[in-house]
Amino acid sequence: MFKFLKPSPDATNLVPKDKIPSVYRRKQTGVILATCFTYLAYYIIRLIFTTEQKPVMKEYGFNIGQIGLILSTFGIGYGVAKLFMGGLSDKSNTRVFLAFGLYLSCIFNAFLAFTKNFYLILFLMLLISITQAMGAPACQREISLWFAKKHRGVVFAVWASAHNAGAFACVACIQIATFLFSGSLPAVFLTASVVSAIIATIMLLINSERPEVAGLPNMAVYSGHVELDENGNSTAQELSNKTFWQILYQDILCNKVVWAVTLTSMSIYIVRYGIMSWIPSYLPTKGFSVDWAKWLVGIFELSAVPGVIIFGGISDLLKGRRSLVCLICVICLIICLITYFTSTSHAVIVAVLFIMGSLIYAPLSLVGLMVNEAVPNYAVGLSTGFMGFFQYVFGETAATALIGQLVNHFGWGASSVTIYVAAGAAFLLLVYLVFKERHILRMEAKVNAADHAKENNGEKAQN
C-alpha cells in the first residue's frame, strides 16, 4: 500500500567525476530549500489551531479547559509519534516521506473546517500530531546525508530557524484568509491547508533523497572525511537491514552520547518553555502590561534567529565542537536567568529576554545536530524521534503542567527554582559531552590522517 515510501535503489548511471562537484552543489541547494520551506509549511499547520484558539472558543462555544485538552493531546501525541516516525523515516524515501507527512497534515487540518464537534476535533488534532511528527526526522536525515560535518552546523541552524519563519507565515495565512473571506474561521483552516500543500508540491520537485540515488558518491567519500561514533565505528552507512527494535536498542539505547545529548535537550526544553510559556503571566507581576508581555513572546522567538545561525557557524569554525559552544551558551544563560528573575528594571528584563532567545535556541539547534552525529546515518531519524519524545513528553510537560501547579501552590519562586535546576542539569551534562566530543574528534582526526597518508602513498607508488 505504501510502496511509494520505500527507499529508491542506488543509481546505475553514475555522474562523471568532473561533474560531481557541480551536481552536488545543485542538489544540496535543492535539499536545503526543500527542508526549510517544507518544515515552514509544517509549522503553518501545527500552529493554526493554537493561534486561532480565541475565535474557536467564541464560535464553537469551547471553554479554556477544552482548548487546553486539545493542545495537550497534540503535544503528547506529537512526542510519542516522533519516536516511531523517526524510525520509519530511516527506512523510507525521505524526499517522499517529508512531503507525504505534510499532505496528510493538510488534509486533517482541512477537516477542522467542517466540524464543531469537540471529540472529532480532538481526534483530528491527534491525527495531525502524528503526521506532524514526520517532518523533523526526515529533514534532519537529509541534512546529515547531504552535508559534510564541517558545514553542517550552519546548514542545520538555518533549517532550525524555519520554525520561527513558520510562526510568521502562519499569522500571515490567517490575516490573508480573514481579509479575503470576511473573517470566516473555516476559510482560515482551508487556506492554511491549501498554502501548505502548494509548498509541499513545489519542494517535492526540487528535493533529493540520497546522493547515491542521484548517481553521486555518499558524503563520506565525497568529503574525504570519516565520521565516527563513540566506539570508533564509521557512521557513513545510510541504509540497514536491522529492524526498528534492533536499531533502537543497539544504536540508541546503548549509546551513552545519545542519552547525554537527549537529557541535555530535555533540560533546555524545560528552560525554553518555562520562560516562553509563562511570559504573559509572569511579567505582569514585574509591572509589565498584559499587551506588552504578549509582544515580548514574539521578541523572545524572533531574536533567536540570527544568534542560532551565528552559533552554528562558530561550531563549524571550531571543527565540530558543538558541545563546547552549547556549554558556553548555557553558562551565559544561567547568568541571564538570574538577572531575569531578580531584576526589577523593565529595560534590563527586555534586554535579557532578547539575549536569552539565542542562548536557548542555539543549544537546542546544536543538540539536535549532535544526536544525529552520534549515530550511524541509518539511525538519524530514530535519534531525532528519540530526543523529541523526551523533549515534548517530559520537557514541555514539566515546563507547563508542573510549573503551573508549583506556581499555583508556592508562587513564582518555585518556577525559578525549577528552571535553575534544569539549567544546572544541562550544564553538568554538557561538561561530560565536551570531554566525550573531544575524544571522538581526536579519533576521527587520527583515522582521517591515516587515510590521507595511504592515499598519498598510493599516488607516489603510481608515479
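As the structure is a prediction and not an experimental result, all values here were calculated from the model. Positions within a chain are numbered from 1, following the residues in the order the chain's sequence is written. With the structure being a predicted model, the display of local features is reserved for residues of pLDDT at least 70 and the display and counting of side-chain atom pairs for 80 or more, all residues being used for whole-chain, interface and lining totals. Note: side-chain values were computed over all heavy atoms of the structure, leaving out hydrogens and water.

A pairing counts as a salt bridge when a side-chain nitrogen of Lys or Arg comes within 4 Å of a carboxyl oxygen of Asp or Glu. This model, assessed by the stated rule, comprises 13 salt bridges. When the shortest N-O distance is used, the salt bridge between Asp90 and Arg141 registers 3.8 Å. Here Arg141 lies in helix α6 (residues 135-146) and Asp90 lies in helix α3 (residues 64-90), a separation of 51 residues in the sequence. With a shortest N-O distance of 3.2 Å, Glu238 and Arg210 are connected by a salt bridge. Here Arg210 lies in the loop between α9 (185-206) and α10 (219-223) and Glu238 lies in the loop between α10 and α11 (244-253), a separation of 28 residues in the sequence. Runs of H or I in DSSP of at least four residues are treated as helices and runs of E of at least two as strands, each being numbered from the N terminus.

Using a grid of 1 Å spacing that covers the protein atoms alone, one calls a set of points a cavity when a 1.4 Å probe fits there but cannot get out, and a pocket when the set is open and has protein on both sides within 12 Å along at least five of seven lines; lining residues are those with an atom within 4 Å of a point. Grid points are joined across faces, edges and corners, and a volume is the space filled by probe spheres set on the points. Enumeration over the complete set of coordinates arrives at 4 cavities of 30 Å³ or more. Estimated volume of the largest cavity: approximately 340 Å³. In terms of lining residues, the largest cavity is bounded by 25 residues, among which Trp159, Ala160, His163, Tyr269 and Leu364 are the most central. Looking at the lining of the largest cavity residue by residue, the classes come out as 15 nonpolar, 8 polar and 2 charged. In this structure, the second largest cavity spans a volume of roughly 190 Å³. Lining the second largest cavity are 16 residues, and of these Val257, Met370, Glu373, Glu437 and Ile440 lie nearest its centre. Among the secondary structure elements, those contributing two or more residues to the lining of the second largest cavity are α12 (256-276), α17 (346-373) and α19 (412-462). Sort the elements by how many residues they give to the lining of the second largest cavity and α19 lands first, with 5 residues. Partitioned by chemical class, the residues of the lining of the second largest cavity number 8 nonpolar, 2 polar and 6 charged. We call Asp, Glu, Lys and Arg charged. Ala, Val, Leu, Ile, Met, Phe, Trp, Tyr, Cys and Pro are nonpolar, and the rest, Gly among them, are polar.

Another aspect to go through is the packing of helix α1 (residues 20-51) against α3. Lines fitted to C-alpha atoms define the axes, with helix axes restricted to the stretch in contact, and inter-axis angles between N-to-C directions lie between 0 and 180 degrees. One way to put it is that α1 packs onto α3 with a least axis distance of 10 Å and a crossing angle of 150°. Here α1 is positioned roughly antiparallel relative to α3, judged by the angle of their axes. Packed against α1, whose contacting residues are Tyr39, Arg46, Phe49 and Thr50, the element α3 presents Ile67, Ile70, Leu71, Phe74 and Tyr78 at the interface. Residue classes in the contact of α1 with α3 are distributed as 7 nonpolar, 1 polar and 1 charged. Each angle receives one of four descriptions, namely roughly parallel if under 35 degrees, roughly antiparallel if over 145, roughly perpendicular if within 65 to 115, and oblique otherwise. Two residues form a contact once any of their heavy atoms are found within 4.5 Å.

Now for the confidence of the model for the protein chain. In the predicted model, the protein chain carries a mean pLDDT of 91, and the fraction of residues at 70 or more is 98%. Put simply, helix α14 (residues 290-302) is where the protein chain has its lowest mean pLDDT, 76, and helix α4 (residues 94-111) is where it has its highest, 97. Each residue carries a pLDDT value, the predictor's own confidence for that position, ranging from 0 to 100.

A separate point is helix α7 (residues 149-160). How far a helix is expected to stretch is found by multiplying one less than its residue total by 1.5 Å. Taking 1.5 Å of rise per residue, the 12 residues of α7 would be expected to cover 16 Å, and the 16 Å separating its terminal C-alpha atoms lies within 8% of that figure. Those residues of α7 lying buried are Lys149, Arg152, Gly153, Val155, Phe156, Ala157, Trp159 and Ala160. Here the term buried applies to any residue with accessible area under 20% of the maximum for its type, exposed to any over 50%, and partly exposed to those in between, with areas from a 1.4 Å probe on protein chains only.

Each patch is built from salt-bridge-free residues with over 30% relative accessible area, joining like charges within 9 Å and nonpolar side chains (Val, Leu, Ile, Met, Phe, Trp, Tyr) within 5 Å. The Shrake-Rupley method, run with a 1.4 Å probe sphere, supplies the accessible areas, and residue values consider only the shown protein chains as cover. Taken together, Leu33, Phe37, Leu205 and Ile206 make up a surface patch of nonpolar side chains, about 370 Å² in accessible area. Looking at the nonpolar patch, the elements with two or more residues in it are α1 and α9. On the secondary structure map, Phe37 appears in helix α1. Residue Phe37 is classed as partly exposed on the basis of its relative accessible area of 41%.

Another point: the layout of surface pockets. Roughly 2300 Å³ of internal volume is contained in the largest pocket. Taken together, 46 residues line the largest pocket, and the ones lying closest to its centre are Thr50, Gln53, Leu71, Met276 and Ser277. For the lining of the largest pocket, the secondary structure elements donating two or more residues are α1, α2 (53-60), α3, α8 (162-180), α12, α13 (279-282), α14 and α18 (380-410). The greatest single-element share of the lining of the largest pocket, amounting to 9 residues, is contributed by α3. In terms of residue class, the lining of the largest pocket is made up of 23 nonpolar, 16 polar and 7 charged. Counted as a void, the second largest pocket has a volume near 460 Å³. Around the second largest pocket sit 25 residues that line it, and Lys149, Lys150, His225, Glu227 and Glu444 are the ones nearest its centre.

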